[in-house]
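Residue-level structure breakdown
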Amino acid sequence: MSNVFSIVRRGDERLLRITGDLPDGFEGVPAADGAYCPLHARHAALVRETLPWTAPQLVGLRKSFGFGDRLGLATPGHLDALANLPESGFFPVLAQQSMREMARARRSPQQVLDDVTWAVLETGYRDGYGCDADHVKTEAEIDRCIDAGFIGFTLDPGQYVRAAADTEDAAALWNRFAELPWDVLRSNPRRHLERYAAGPEADGALPEETLLRAAGKYGAAIARVVRLHAHLRSRFGAAPFDLEISVDETDTPTTPAQHRYIALELDRLGVSFIGLAPRFVGDFYKGVDYAGDTEAFARDYAAHAAIAEELGPYKLSVHSGSDKLAIYPYIQRRTPEYVHVKTSGTSWLEALRVIARKAPGLFRRILNLAVEGYAENRQSYHLDGRVECIPDVPDDALADLLDDPHARQVVHVAFGPVLEQYYDEAYAALAEQDKAHRQGIRRHFEKHLAPFRE
Ligand SMILES: [Zn+2]
C-alpha cells in the first residue's frame with residue numbers, strides 16, 4: 001500500500017503524518033489514521049528523497065524570482081502569489097537566505113531548506129522550486145550549505161572589490177595591476193594587456209585605461225570567485241549546480257565595460273554561471289522603492305543586458321529587488337526572459353505588519369528596539385532611512401508605519417536583535433494570525449509579480 005504524506009497541525013505543533021506501513025528510516029507514533037512523525041532534519045531529507053517535488057531543483061536559465069524568507073513562515077504566501085500570477089512566468093527560488101541573514105535570524109542552512117520542504121508538502125505545491133545559498137563568501141559557508149542539501153549558490157567576492165580603482169591615477173593603477181594574484185588568474189600582466197588591448201575590433205578589446213581600472217577594481221574579486229568555484233567543483237564533482245556571481249553590495253556602480261571584463265575573465269577561467277548581479281546605478285535601499293533616475297537606470301540596465309546576452313546568455317540578477325516597483329517595467333521590457341529578481345527582507349516587513357495590527361504592544365517594543373539599535377544594525381546595509389523621520393502614530397495606526405520609508409528601513413535591518421529579544425512572542429503572534437500573514441504576503445508579492453506579466 002502506498003503512503004500518503006501530509007502535514008497536520010495539533011495546536012501549535014506541526015507533524016508529518018504518514019499513512020500505511022511506515023517507510024524505512026521514518027520514526028513516528030502510530031495512530032488510527034497513520035503515524036505521526038516529528039519535523040526534524042532527518043525526516044525532511046527522507047521526504048525530499050521520497051517525494052522529489054519537495055526537493056530543490058536546478059534553476060538554470062529559467063526566468064526566476066527569489067522569495068527569501070527570514071522567519072521560515074512565508075513560503076505559503078509566496079506560492080499563493082505565484083499561483084495567482086502564473087503569467088509572470090517566474091520559476092520560484094524558495095530556499096534562499098544570505099549567510100548574513102541566517103546568522104542574524106539564527107537559522108541554519110538546514111533549517112532554511114527544511115522549512116521550505118515542509119511548506120511545499122503542506123501546500124501541495126508540486127511545480128518545483130530552486131534554492132540559493134545567497135552571498136556566500138567562504139569555503140566553510142559553502143560546505144555548510146552543501147551539507148544541508150543546497151545546489152544553488154551566489155558567490156559574493158564583494159570584499160575584494162576595490163572601488164578606488166575607479167578614480168586612482170595611472171601610477172597606482174599600474175602598481176595594483178602588477179600585484180594581482182596572477183597565479184590564480186592564470187596569466188601575467190604582459191599577456192593580460194595583450195589579450196585585452198588587441199585593437200578595437202578584437203573580441204572583448206578594452207582600451208588600456210579601462211582595462212586597468214576594471215582589473216584593479218575586480219581582478220582580486222575574480223580570483224576569489226575562481227577559488228570558491230574550484231571548491232564547489234571539488235565537492236560536486238561532475239554533478240551540476242546553479243551558480244550566481246554578485247558584486248551588488250559594493251560602493252560604486254559596475255560600468256558596462258567592467259561587467260564585460262568580469263564575464264570574459266570568468267569565461268576564460270572556466271567559471272560558468274547562470275546569473276550575474278552587477279552593482280547598478282542608483283540606490284537599492286532595502287525594502288523601499290528605487291532611489292534614483294529611473295531613465296538612467298533603464299539605460300544602465302539595457303547596457304548590462306546587452307552584455308549578458310552577448311557573452312552568455314546568462315541572467316541579470318537584481319538584488320535588493322523588493323519594493324522596486326518603479327523599475328520593474330523596465331526590467332521586464334528589456335529582459336523578459338533572462339532575469340532573476342531577488343527579495344528577502346520585505347517578507348519580514350509583512351510579518352511585522354501583521355504584528356502591528358494584531359499585537360500593537362509587541363510591535364511598539366519591536367520598533368523601540370529597532371530605533372535604539374539602528375546605528376549599529378544598519379552597518380552592513382545600504383540604507384537612507386532616518387529614525388528622526390519616523391512619524392509618531394497612535395496604536396491603531398501602527399501598521400501604517402510599514403508604509404513609511406524611514407520606518408521600513410529601520411525595522412528591516414533590526415530583525416536580528418528583534419528575534420533575539422522577542423523570538424517566542426513574534427512567532428506566537430504570527431502563528432495565531434497565520435491566515436492574515438499568508439494573505440498579507442500574497443498581496444504584497446502579487447504587487448511584485450504583476451509588472452512582470454508576459
Ligand atoms: Zn545582494
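Treat the numbers as computed from the prediction; the structure is a model and nothing was measured.

Moving on, we get to the overall build of the protein. For the protein, the helix and strand inventory stands at 18 helices and twelve strands. Taking 454 residues into account, the globule formula puts the C-alpha radius of gyration at 22 Å, and the protein, at 23 Å, falls close to it. Along the longest, intermediate and shortest principal axes, the C-alpha atoms of the protein span 75 × 60 × 40 Å. Here the protein holds 454 residues, and the buried ones make up 47% of them.

Here the focus is the sheet that holds strand 5 (residues 64-67). The strand order around the closed barrel built from eight strands is 5-6-7-8-9-10-11-12, with neighbouring strands paired in parallel fashion. Taken pair by pair, the neighbouring strands of this sheet meet at an average axis angle of 25 degrees, ignoring direction. Against the sheet, helix 4 (residues 109-123) makes contact with strand 6 (91-98) and strand 7 (130-136), and its axis sits at roughly 155 degrees relative to strand 6, the strand it touches most.

What follows is about the nonpolar core. One finds Phe-153, Val-225, Leu-352, Ile-355 and Val-411 to be the most contacted residues of the largest nonpolar core, which totals 123 residues. No other element matches helix 9 (residues 208-236), which puts 13 residues into this core. Once residues within four sequence positions are removed from consideration, Val-411 is found in contact with Leu-349, Leu-352, Ile-366, Leu-367 and Ala-370.

Side-chain alternation along strand 8 (residues 152-155) places Gly-152 and Thr-154 on one buried face and Phe-153 and Leu-155 on a second face that is also buried. Here strand 7 runs beside strand 8; their pairing, made up of two bridges, is parallel. Following the sheet pairing, Val-136 is matched in strand 8 by Leu-155. The handedness of the strand 7 to strand 8 crossover, carried by helix 5 (residues 139-148), is right-handed. Relative to strand 9 (residues 242-246), strand 8 runs parallel, the two being bridged by four bridges. Bridge assignment links Leu-155 to a residue of strand 9, and that residue is Ile-245.

Read from one edge of the open sheet, four strands run 1-2-4-3, paired in antiparallel fashion. Because the sheet does not close on itself, it has two edges, and the strands there are strand 1 (5-10) and strand 3 (29-31). The sheet shows a mean angle of 35 degrees between the axes of neighbouring strands, direction not considered. Bridge count for strand 2 (residues 13-18) against strand 4 (residues 34-37) is three bridges, and the pairing is antiparallel. Looking across to strand 4, one finds that Ile-18 is bridged to Ala-35.

Attention now goes to the domain arrangement of the protein. For the protein, the assigned domains read domain 1 (5-54), domain 2 (140-345) and domain 3 (351-446). Here the C-alpha centroids of domain 1 and domain 3 sit 34 Å apart.

At their nearest, the axes of helix 13 (residues 345-358) and helix 18 (residues 434-449) sit 9 Å apart, and the two run at 135 degrees to each other. With respect to helix 18, the element helix 13 is oriented oblique. Taken as a pair, helix 13 and helix 18 cross one another with a handedness that is right-handed. Across the interface between the two elements, Thr-346, Ser-347, Glu-350, Ala-351, Arg-353 and Val-354 from helix 13 touch Ala-436, His-437, Gly-440, Ile-441 and His-444 from helix 18. The residue makeup of the contact of helix 13 with helix 18, split by class, is four nonpolar, five polar and two charged.

Right, let's get into unusual backbone geometry. Following Gly-312, the chain continues into Pro-313 via a peptide bond in cis, with omega recorded as 5 degrees. Along the chain, Pro-313 turns up in the loop between helix 11 (294-311) and strand 11 (315-318). The phi angle at His-135 is positive, at roughly 50 degrees, despite the residue not being glycine. Inspection of the secondary structure puts His-135 in strand 7.

So, on to helix 13. Given a rise of 1.5 Å per residue, 14 residues ought to cover 20 Å, and the 20 Å separating the end C-alpha atoms of helix 13 matches this to within 8%. On its buried side, helix 13 packs onto strand 12 (339-343), helix 14 (360-372), helix 16 (405-412), helix 17 (415-432) and helix 18.

Between its first and last C-alpha atoms helix 18 spans 22 Å; for 16 residues at 1.5 Å apiece the expected length is 22 Å, and the two agree. Turning to helix 18, its buried residues number three or more, namely His-437, Arg-438, Gly-440, Ile-441, Arg-442, His-444, Phe-445, His-448 and Leu-449. Elements that come into contact with the buried residues of helix 18 comprise helix 2 (75-84), strand 12, helix 13 and helix 17.

Here we come to the environment of Gly-385. Checked against the element boundaries, Gly-385 lands in the loop between helix 15 (374-377) and helix 16. Placed 99 residues apart in sequence, Gly-385 and Lys-286 show a C-alpha to C-alpha distance of 9.4 Å. Sequence-distant contacts of Gly-385, that is, excluding residues within four places in its chain, are made with Pro-405, His-406, Arg-408, Gln-409 and Val-410.

It is worth spelling out the environment of Ala-148 at this point. Among the structural elements, Ala-148 can be located in helix 5. Distance from Ala-148 to Gln-110, taken between C-alpha atoms, is 4.7 Å for residues 38 residues apart in sequence. When sequence neighbours within four positions are dropped, the list of residues in contact with Ala-148 reads Ser-108, Pro-109, Gln-110 and Leu-113.

With that settled, the discussion passes to the packing of helix 4 against helix 5. Across the interface, helix 4 lies against helix 5 with an axial gap of 8 Å and an inter-helix angle of 30 degrees. The element helix 4 and its partner helix 5 pack so that their crossing is right-handed. Where helix 4 approaches helix 5, its residues Pro-109, Gln-110 and Leu-113 are matched on the opposing element by Arg-144, Cys-145 and Ala-148. Among the residues making up the contact of helix 4 with helix 5, the classes are represented as four nonpolar, one polar and one charged.

Procedures and definitions
Residues numbered from 1 in each chain as written. Predicted model: local features only at pLDDT ≥ 70, side-chain atom pairs only at ≥ 80, totals over all residues. Helix = DSSP H or I, 4+ residues; strand = E, 2+ residues; numbered from the N terminus. Rg over C-alpha atoms; globule rule 2.2 N^0.38 Å. Buried ≥ 20, exposed ≤ 12 C-beta atoms within 10 Å, placed from the backbone. Pairing = 2+ DSSP bridges. Axes fitted to C-alpha atoms, helices over the stretch in contact; angles between N-to-C directions. Contact = placed C-beta atoms within 7 Å. Core = buried A, V, L, I, M, F, W, Y, C linked by C-beta atoms within 7 Å. Right-handed = clockwise from strand over helix to strand, strands pointing away. Domains from an automatic or database assignment. Parallel < 35°, antiparallel > 145°, perpendicular 65-115°, else oblique. Left-handed = near helix turned anticlockwise from the far one by under 90°. Nonpolar A, V, L, I, M, F, W, Y, C, P; charged D, E, K, R; others polar. Expected span 1.5 Å × (residues − 1).

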